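Descriptive analysis of the structure
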Amino acid sequence: NAGVTQTPKFRILKIGQSMTLQCTQDMNHNYMYWYRQDPGMGLKLIYYSVGAGITDKGEVPNGYNVSRSTTEDFPLRLELAAPSQTSVYFCASSYGRNGEKLFFGSGTQLSVL
Amino acid sequence: DQQVKQNSPSLSVQEGRISILNCDYTNSMFDYFLWYKKYPAEGPTFLISISSIKDKNEDGRFTVFLNKSAKHLSLHIVPSQPGDSAVYFCAARGGGSGNTGKLIFGQGTTLQVKP
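Our subject in this report is the structure included herewith. Remember, predicted model here, so these are calculated numbers, not experimental data.

Looking only at helices and strands, chain A features zero helices and 11 strands. When the helices and strands of chain A are read in sequence order from the N terminus, they spell out β-β-β-β-β-β-β-β-β-β-β. Computed over C-alpha atoms, the radius of gyration of chain A comes to 13 Å, within 12% of the 13 Å expected from 2.2 N^0.38 for 113 residues, which places it in the range of a compact globule. Principal-axis analysis of the C-alpha atoms places the extent of chain A at approximately 35 × 30 × 25 Å. Across the 113 residues of chain A, 46% fall into the buried class. Partitioning the intrachain contacts of chain A with sequence separation of at least 6 by distance along the chain shows that 55% fall at a separation of at least 24. Here chain A displays about 5300 Å² of accessible surface, and carbon together with sulfur accounts for 52% of that area.

Structure follows, in structure tokens:
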């Protein structure tokens, strides 16, 4: 059972470039989330989804977009990369809305130079 | 506005002793609290949780205490082991209708357990 899989693990972008962080889960979870973690800071919610076709903004959505066409996949899109988006990105999923069983991927380390 | 705060960035304890990690929150609507543990180069993993209707929850060496009047919770690890060395995040879930399970995380506390 793979759980939550994120790709890539590392990426360096130039300012203004775009990219998609991939996230897939094989647990048939309805809820999926994208968080970012900056040094010395907690995890900040970027976007979340409560099911296929439904997405909503979290605390820090600016500069990002998401889509949820299937239950399994929840990609995060950066359109015009900026140095402020240098961070570690975590995708997570849960069966329901309770949050106590949030399963995280191993993260993507992104640097924008 | 940091709704969940972990004011100690780091903590160092001796193996076998007790580790106490603290967390404060400001929003009285939070109805569920969780602790996550994170090793380097890995995602956080769920450790233990507590509902706002309880004041204590225990799971093996880990106990979480909740003081609602003080808006404070703590995680006790007894006895501490070197394998407990990790970053610990406190998280809170907003209550009320329309809740979608979103969690608000503290900044994390790095625990080092020395052999």
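Still to come is the rest of the account.
The next point concerns the sheet that holds strand E6 (residues 56-59) of chain B. Residue and element names in this part refer to chain B. What the five strands build is an open sheet, ordered E1-E3-E8-E7-E6; its pairing is antiparallel. With partners counted over all chains shown, the strands left at the sheet margins are strand E1 (4-5) and E6, one partner each. As defined by bridge partners, strand E3 (residues 19-25) adjoins strand E8 (residues 72-77) across six bridges and the pair is classed as antiparallel. The residue of E8 that forms the bridge with Asn22 is Ser74.

The volume enclosed by the largest pocket comes to roughly 260 Å³. Taken together, 14 residues line the largest pocket, and the ones lying closest to its centre are A:Val88, A:Ser106, A:Gln109, B:Ala41 and B:Glu42. If you list the elements that add at least two residues to the lining of the largest pocket, you get strand E9 (87-94) and strand E11 (108-112) of chain A. Class assignment of the residues belonging to the lining of the largest pocket gives a composition of five nonpolar, five polar and four charged.

What follows concerns the pattern of salt bridges. Residue and element names in this part refer to chain A. Within this structure, the stated rule accounts for five salt bridges over all chains. The salt bridge partner of Arg36 is Asp38, with a shortest N-O separation of 2.9 Å. The exposure class of Arg36 is buried, given its relative accessible area of 10%. A salt bridge links Arg77 to Glu79; the nearest nitrogen and oxygen atoms lie 3.3 Å apart. Judged by relative accessible area, Glu79 falls into the partly exposed class, the value being 39%.

This part covers the nonpolar core. If you look at the biggest cluster of nonpolar residues, it comprises 23 residues, and the most contacted ones within it are B:Phe33, B:Trp35, B:Leu73, B:Leu75 and B:Tyr88. Examining the composition of this core, we find that four residues originate from one element, strand E9 (residues 86-94) of chain B, more than from any other. For B:Leu73, the residues in contact, after removing those within four places along its chain, are B:Leu21, B:Asn22, B:Cys23, B:Tyr25, B:Phe33, B:Trp35, B:Val64, B:Phe65, B:Leu66 and B:Cys90. In this structure, A:Leu21, A:Phe74, A:Leu110 and A:Val112 belong to the second largest nonpolar core, which totals 19 residues.

Cut-offs and rules
- Residues numbered from 1 in each chain as written.
- Chains lettered and ligands numbered in written order.
- Predicted model: local features only at pLDDT ≥ 70, side-chain atom pairs only at ≥ 80, totals over all residues.
- Heavy atoms only, no water.
- Helix = DSSP H or I, 4+ residues; strand = E, 2+ residues; numbered from the N terminus.
- Rg over C-alpha atoms; globule rule 2.2 N^0.38 Å.
- Buried < 20%, exposed > 50% of the residue type's maximum accessible area, 1.4 Å probe, protein only.
- Contact = heavy atoms within 4.5 Å.
- Areas by Shrake-Rupley, 256 points an atom, 1.4 Å probe, with all protein chains shown as cover.
- Pairing = 2+ DSSP bridges.
- 1 Å grid on protein atoms, 1.4 Å probe; cavity = no way out; pocket = protein on both sides within 12 Å on 5 of 7 lines; lining within 4 Å.
- Points joined across faces, edges and corners; volume = space filled by probe spheres on them.
- Nonpolar A, V, L, I, M, F, W, Y, C, P; charged D, E, K, R; others polar.
- Salt bridge = Lys/Arg side-chain N within 4 Å of Asp/Glu carboxyl O.
- Core = buried A, V, L, I, M, F, W, Y, C linked by side-chain atoms within 4.5 Å.

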